[in-house]
Amino acid sequence: QVQLVESGGGLVQPGGSLRLSCAASGSIFSINAMGWYRQAPGKQRELVAAITRGGSTNYADAVKGRFTISRDNAKNTVYLQMNSLKSEDTAVYYCNAQVRRTYYSVDITYWGQGTQVTVSS
């Protein structure tokens, strides 16, 4: 079994910053891509940022220049540094990871339980 546990969400004023963390644990041989998604009320879940095992990144246009994704492969952890937060960033943020559980298995995508980020004055 594999678990992804997010932390770091909360309430922040516009213009403020938050750092999200997501740690993967369990039966893990390796983790390929990791990413952050978000879902606002009444909207579909959308990609925020993703990072490959080698460190290549991509971002949604709405967060470019404000958010930074990074990872620590030794700790099976992905981070999302969010700066200059806006009210429209308010959403539940989910991490995901493409996990290979053994040398012979294929990648399976796992999701965290989500963490609420609220940007409001």
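Quick caveat, the model's predicted, so the values are computed rather than measured.

Rules used in this analysis
- Residues numbered from 1 in each chain as written.
- Predicted model: local features only at pLDDT ≥ 70, side-chain atom pairs only at ≥ 80, totals over all residues.
- Heavy atoms only, no water.
- Buried < 20%, exposed > 50% of the residue type's maximum accessible area, 1.4 Å probe, protein only.
- Helix = DSSP H or I, 4+ residues; strand = E, 2+ residues; numbered from the N terminus.
- Phe/Tyr/Trp six-rings, centres within 6.5 Å; stacked < 30°, edge-to-face > 60°.
- Lys NZ or Arg CZ within 6 Å of the ring centre and 35° of its normal.
- Pairing = 2+ DSSP bridges.

The backbone of Asn76 shows a phi angle near 50 degrees, a positive value even though the residue is not glycine. With a relative accessible area of 21%, Asn76 lands in the partly exposed category. Non-glycine residue Ser84 carries a positive phi angle of around 50 degrees. Take Ser84: it is sitting in the loop between strand E8 (77–82) and strand E9 (91–100). Ser84 sits in the partly exposed class, given a relative accessible area of 41%.

With that settled, the discussion passes to the packing of aromatic side chains. All chains considered together, the criterion is met by 3 aromatic pairs. An aromatic cluster is defined as three or more aromatic residues linked by ring pairs; in this entry it consists of Phe29, Tyr103 and Tyr104. The ring of Tyr79 carries Arg19 above its face, with NZ or CZ at 4.1 Å from the centroid. Positioned above the aromatic ring of Trp111 is the side chain of Arg45, whose terminal nitrogen or guanidinium carbon lies 4.7 Å from the ring centre.

This part is about the pairing of E8. Extensive coverage of E8 is indicated by the burial of 5 of its 6 residues. In this sheet, E8 lies alongside strand E3 (residues 18–26) in antiparallel orientation, the contact comprising 6 bridges. Looking across to E8, one finds that Leu18 is bridged to Met82. Relative to E8, strand E7 (residues 67–72) is paired through 6 bridges, and the arrangement is antiparallel. Bridged to Ile69 within E8 is Leu80. Connecting the antiparallel pair E7 and E8 is a turn made up of 4 residues, with Asn76 showing a positive phi of about 50 degrees.

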